[in-house]
Amino acid sequence: MSPKKKNSADNADIEKFARELQDQIMEQIRKKYSETVIDHWQNPRNFRKIETPDGYASVKGSCGDTMEMFIKMNREKISECGFQTDGCGTTIVCGSVATELALNKSFTEALARVSTDEILKILGGLPPADIHCAELAAETLRRALADHLYQKQSPWKKHYRKS
Ligand code: FES
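Calculation notes
- Residues numbered from 1 in each chain as written.
- Predicted model: local features only at pLDDT ≥ 70, side-chain atom pairs only at ≥ 80, totals over all residues.
- Helix = DSSP H or I, 4+ residues; strand = E, 2+ residues; numbered from the N terminus.
- Rg over C-alpha atoms; globule rule 2.2 N^0.38 Å.
- Domains from an automatic or database assignment.
- Expected span 1.5 Å × (residues − 1).
- Buried ≥ 20, exposed ≤ 12 C-beta atoms within 10 Å, placed from the backbone.
- Pairing = 2+ DSSP bridges.
- Axes fitted to C-alpha atoms, helices over the stretch in contact; angles between N-to-C directions.

(A) Structural context of the overall build of the protein chain. The number of helices and strands found in the protein chain is six helices and three strands. Helices (α) and strands (β) of the protein chain occur, in sequence order from the N terminus, as α-α-β-β-β-α-α-α-α. The C-alpha atoms of the protein chain give 21 Å as radius of gyration, which overshoots the globular expectation for 163 residues (15 Å, by more than 25%). Across its three principal directions, the C-alpha atoms of the protein chain cover 80 × 30 × 30 Å.

As structure tokens, then:
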């Protein structure tokens, strides 16, 4: 075999190996997580910081990971909701679901709707070791809502905040 043909045969082998490995990994993931989890994991919604938010919170979870949530209000509805985290993939999934749940809701609707149970329900459950990720997302959103209330009472303080 010429060196050129051998190289392209080697590359095809490597690509085949990589594809098979990726398929095996996805198979393992599908045993543990629902398609909804995989969808939010591959395409997280609202993973972004929002400048001058009307509500903001940063919460450290029991595992030591941190989540930040940002909300913007327009006519008493949550018009924008974003999050960032240095946590695991499941945290990103849960943050993504929490922001989608909060969007276009009023303050009280969001407070009633966004909970650990609701996030878990939408995701079709999570392994026990990942439940704290849903708790972190729900808690961060609740605190961002509480911050919004606080800002409403003292709007001038918004200009002295870090976020
Ligand atoms: S492992 Fe830390 S929040 Fe998911």
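(B) Summary view of the domain arrangement of the protein chain. The domains assigned to the protein chain are domain 1 (3-32) and domain 2 (41-160). Its C-alpha centre places domain 1 at a distance of 38 Å from the equivalent point of domain 2.

(C) Molecular detail of helix α1 (residues 3-32). End to end, α1 covers 44 Å across 30 residues, agreeing with the expected 44 Å (1.5 Å per residue, within 8%). For α1, a buried count of zero out of 30 residues is recorded, marking the element as mostly open to its surroundings.

(D) Highlighting the sheet that holds strand β2 (residues 66-74). The antiparallel open sheet is built from three strands, whose spatial order is β1-β2-β3. Since the sheet does not close on itself, it has two edges, and those belong to β1 (55-60) and β3 (77-85), each with one partner. Across this sheet, the average inter-strand angle for adjacent strands is 15°, counted without regard to direction. Relative to β2, β1 is paired through six bridges, and the arrangement is antiparallel. Bridging across to β2, lysine 60 finds its partner in threonine 66.

(E) The environment of arginine 75, seen in detail. Tracing the backbone through its elements, the reader meets arginine 75 in the loop between β2 and β3. A sequence separation of 31 residues divides arginine 75 from serine 106, and the C-alpha atoms of the two residues are 8.9 Å apart.

(F) Highlighting the environment of threonine 108. Mapping threonine 108 onto the fold places it in helix α4 (residues 107-113). A count of 10 C-beta atoms within 10 Å places threonine 108 in the exposed class. When the C-alpha positions of threonine 108 and glycine 124 are compared, they lie 25 Å apart, and in sequence the two are 16 residues distant.

(G) Geometry of helix α3 (residues 89-102). The terminal C-alpha atoms of α3 lie 20 Å apart, and with 14 residues this matches the ideal 20 Å at 1.5 Å per residue to within 8%. In terms of residue burial, α3 counts as a mostly covered element, since twelve of its 14 residues are buried. Turning to α3, its buried residues are Thr90, Thr91, Ile92, Val93, Cys94, Gly95, Ser96, Val97, Ala98, Thr99, Leu101 and Ala102. One or two steps after α3, the chain reaches asparagine 104, where phi turns positive at roughly 65°.

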